[in-house]
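Here is how the chains run, residue by residue.
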Amino acid sequence: QVQLVESGGGLVQPGGSLRLSCAASGSIFSIDAMGWYRQAPGKQRELVAGIISGGSTNYADSVKGRFTISRDNGKNTVYLQMNSLKPEDTAVYYCSAYVRTTGWGRPYDYWGQGTQVTVSS
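What counts and how
Sequence order as written defines residue numbering, which begins from 1 separately in each chain. Selection of residues for local features in this predicted model requires a pLDDT of at least 70, selection of side-chain atom pairs for listing and counting requires 80 or more, and totals for whole chains, interfaces and linings are taken over all residues. Side-chain metrics in this entry use all non-hydrogen atoms of the structure; hydrogen atoms and water are not considered. Counting from the N terminus, the helices are the DSSP runs of H or I reaching at least four residues and the strands are the DSSP runs of E reaching at least two. Burial here depends on accessible area, computed with a 1.4 Å probe over protein chains only, as a share of the maximum for the residue type. Under 20% is buried, over 50% is exposed, and the range in between is partly exposed. Two residue types count as positive, namely Lys and Arg, and two as negative, namely Asp and Glu; His and chain ends fall outside the count. A side-chain nitrogen of Lys or Arg and a carboxyl oxygen of Asp or Glu constitute a salt bridge if their distance falls within 4 Å. Polar contact criterion, stated in full: a pair of N or O atoms within 3.5 Å, where within protein one must be able to donate a hydrogen and the other to accept it, and residues adjacent in sequence count only if both atoms are side-chain atoms. Between two residues, a contact is recorded if the distance between any of their heavy atoms is within 4.5 Å. Following DSSP output, two strands are said to pair if at least two bridges run between them. Only the stretch in contact is used when fitting a helix axis, every axis being a line fitted to C-alpha atoms; angles between N-to-C directions are given from 0 to 180 degrees.

**Q** I tried to follow the side chain of E6 on my own but got confused; where do I start?
**A** Checked against the element boundaries, E6 lands in strand β1 (residues 2–7). Although E6 is buried, it makes no salt bridge; R45 carries the closest opposite charge, 8.1 Å away. A distance of 2.8 Å separates a polar side-chain atom of E6 from the backbone nitrogen of C95. At a separation of 2.9 Å, a polar atom in the side chain of E6 contacts the main-chain amide nitrogen of G114. Among all residues touching E6, those that are not within four sequence positions of it are S21, C22, W36, Y93, Y94, C95, G112, Q113, G114 and T115.

What follows is the structure, given as structure tokens:
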């Protein structure tokens, strides 16, 4: 059993910043990759940012230069630093992770419950 718990969402004014955290717990041997997705009302879920075990990252074009994803491997935690927030960033943000529960097994995809980010004046 692996659980991902997001935190750090809330209400912020345009131009402000938020830092999201996602902590993975349970039967974890290693985490191959973690990412953040978001889904706004009436829109499809989209990948915001991802990071693999080696540290390489990728971002949606809409957030490049404003968002930064990082990992604390020792804490099995991924962060999303969101700066210069815009109203269109308003969405439920979901954490996802590919987790190995053994050193030899294949990874499985796990999801958090989501955290609401609202950017409004």
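**Q** Please explain the sheet that holds strand β8 (residues 77–82) as it appears in this structure.
**A** Consider a sheet: its strands pair through backbone hydrogen bonds, and that pairing is either parallel or antiparallel. Spatial strand order, β1-β3-β8-β7: four strands in an open sheet with antiparallel pairing. Two strands bound the open sheet, and with one partner strand each, they are β1 and β7 (67–72). Between one strand axis and the next, the sheet turns through 15° on average, direction left out of account. Relative to β8, strand β3 (residues 18–26) is paired through six bridges, and the arrangement is antiparallel.

**Q** Would you explain unusual backbone geometry in this entry?
**A** Trans peptide bonds make up the majority, and among non-glycine residues the majority have a negative phi. Even without being a glycine, N76 presents a positive backbone phi close to 50°. Even without a glycine there, the phi angle at S84 is positive, about 50°. Counting through the fold element by element, S84 comes out in the loop between β8 and β9 (91–100).

**Q** Sorry if this is basic, but what is going on with the pairing of strand β4 (residues 30–39) here?
**A** Each regular strand displays side chains that alternate between the two surfaces of the sheet. The sheet contact formed by β4 and β9 spans nine bridges and is antiparallel. Across the sheet, the residue bridging to Q39 is V92, located in β9. With six bridges joining them, β4 and strand β5 (residues 46–52) adopt antiparallel strand pairing. Residue pairing in the sheet places Y37 in a bridge with L47 of β5. If you look at the hairpin formed by β4 and β5, you'll find six residues sitting between the two strands, and G42 has a positive phi there, around 75°.

The values are spatial; any link to function lies outside them.
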